[in-house]
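Structural description and commentary
So you can see what is in the structure, the chains are spelled out below.
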Amino acid sequence: MRILVIEDEPRMLELLRRGLQDHDCTVTVAQDGLAGLEIATSYEHDAIVLDIGLPYRDGYELVRMLRERGGTSPVLMLTARDSEDEIIRGLDLGADDYMTKPFSFPELVLRLRSITRSVRGRENGKLRIGDLGIDPVRRTVTREDKPVDLSRSEFSLLLALTRNAGRCVPRHVLMEQVWGPNSAVGIGALDVLINAIRGKVDAPFEHKMITTVRGEGYMLSRPEAVIGLSR
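Everything numeric in this text was worked out from a predicted model, so none of it was measured.

Buried residues dominate strand β4 (residues 75–79), accounting for five of its five residues. What you see with β4 is no split at all: V75, M77 and T79 on one side and L76 and L78 on the other are buried throughout. As defined by bridge partners, strand β3 (residues 47–51) adjoins β4 across four bridges and the pair is classed as parallel. Note that in β4 the partner of V49 across the bridge is L76. Sheet topology note: the β4/strand β5 (residues 97–100) ladder contains four bridges and is parallel. Of the residues in β5, the one forming a bridge with L78 is M99.

The following block contains the structure:
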């Protein structure tokens, strides 16, 4: 993978460069928001690892400007900040995933591969799986070109499923995406949220897309899987 790392702390930048290169990635680096934005919009990358606390342009502003300029490279925000509001803010502005420091390189590479696969369904910053469309920046959802009204939590959960379409997403991963890694929200809240989404995204339509993987988590089916289930 061709990875752009935007990080201003020299030791962390070198750690990321060496660690990603050890996992067979080609790495380009930038140490501030302005340089990172210029590189991100001038050259194609499979994914971007983005720190939030950057000089000149912070990570939030950078990802917003990148999406406004039509940049579609998937972005993983790497940060020490783990509050729910900050995580949601990054995802709302167009980031695809986040990890908090400290982290492990095998997990980082796994997450980068995951968001890289999801970019195949992205059109001008939007995601489309079959007849389901999601705009992460404007926070809009359509099914068969009909608008679907979701709450903030419902949108975050559906977005996490869509970015991993065709693969089971474990319950704890979904809960972390919606409520943050240190939330005290119980597992039952996830089931309630899934049922609410099904009532809006699946129930009014012939083909059902959200599948329960018993004992593991949930999955958003790709079109070919949906067709297979309907036969």
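Judged by how many residues are buried, β3 sits mostly within the fold: five of five residues are covered. Pairing between strand β1 (residues 2–6) and β3: four bridges, direction parallel. The residue of β3 that forms the bridge with V5 is V49.

What follows is about the confidence of the model for the chain. Overall, the prediction assigns the chain a mean pLDDT of 84, with 89% of residues at 70 or greater. Ignoring residues within four places in sequence, the model shows residues 224–231, a span with pLDDT below 50, making seven contacts including any to other chains.

Right, let's talk about the pattern of salt bridges for a bit. Once their charged atoms are close, side chains differing in charge can pair, the charge on each being opposite to the other. Inspection of the entire model under this criterion finds 16 salt bridges. Taking the shortest distance from any N to any O, the salt bridge between R18 and E14 comes out at 2.8 Å. Of this pair, R18 and E14 both sit in helix α1 (residues 10–22), four residues apart, which is roughly one turn of the helix. In this structure R18 comes out as exposed when scored by relative accessible area, which is 53%. The salt bridge involving R64 is made with E61; its shortest N-O contact spans 3.8 Å. Residue R64 and its partner E61 are located together in helix α3 (residues 59–68), separated by three residues, close to a single helical turn. Looking at R64, the relative accessible area reads 31%, which means it is partly exposed. Residue E61 is classed as partly exposed on the basis of its relative accessible area, which comes to 29%. Connected via shared salt-bridge partners are E7, D51 and K101.

To continue, consider the environment of R138. Tracing the backbone shows R138 in the loop between β8 (132–135) and β9 (140–143). On the accessibility criterion, R138 (61% relative accessible area) is exposed. Between the alpha carbons of R138 and D92 there is a distance of 7.8 Å; along the sequence they are 46 residues apart.

What follows is about the environment of S42. Here S42 shows up in helix α2 (residues 33–42). With relative accessibility at 46%, the residue S42 sits in the partly exposed group. Distance from S42 to G71, taken between C-alpha atoms, is 9.6 Å for residues 29 residues apart in sequence.

Moving on: the packing of aromatic side chains. Under the criterion given, the structure shown has one aromatic pair. A centroid spacing of 5.3 Å and a plane angle of 75° characterise the contact between F103 and F105, whose relative ring orientation is edge-to-face. Comparing F103 with F105, the two get one shared label, buried.

Conventions and cut-offs
- Residues numbered from 1 in each chain as written.
- Predicted model: local features only at pLDDT ≥ 70, side-chain atom pairs only at ≥ 80, totals over all residues.
- Heavy atoms only, no water.
- Buried < 20%, exposed > 50% of the residue type's maximum accessible area, 1.4 Å probe, protein only.
- Helix = DSSP H or I, 4+ residues; strand = E, 2+ residues; numbered from the N terminus.
- Pairing = 2+ DSSP bridges.
- pLDDT = per-residue confidence, 0-100.
- Contact = heavy atoms within 4.5 Å.
- Salt bridge = Lys/Arg side-chain N within 4 Å of Asp/Glu carboxyl O.
- Phe/Tyr/Trp six-rings, centres within 6.5 Å; stacked < 30°, edge-to-face > 60°.

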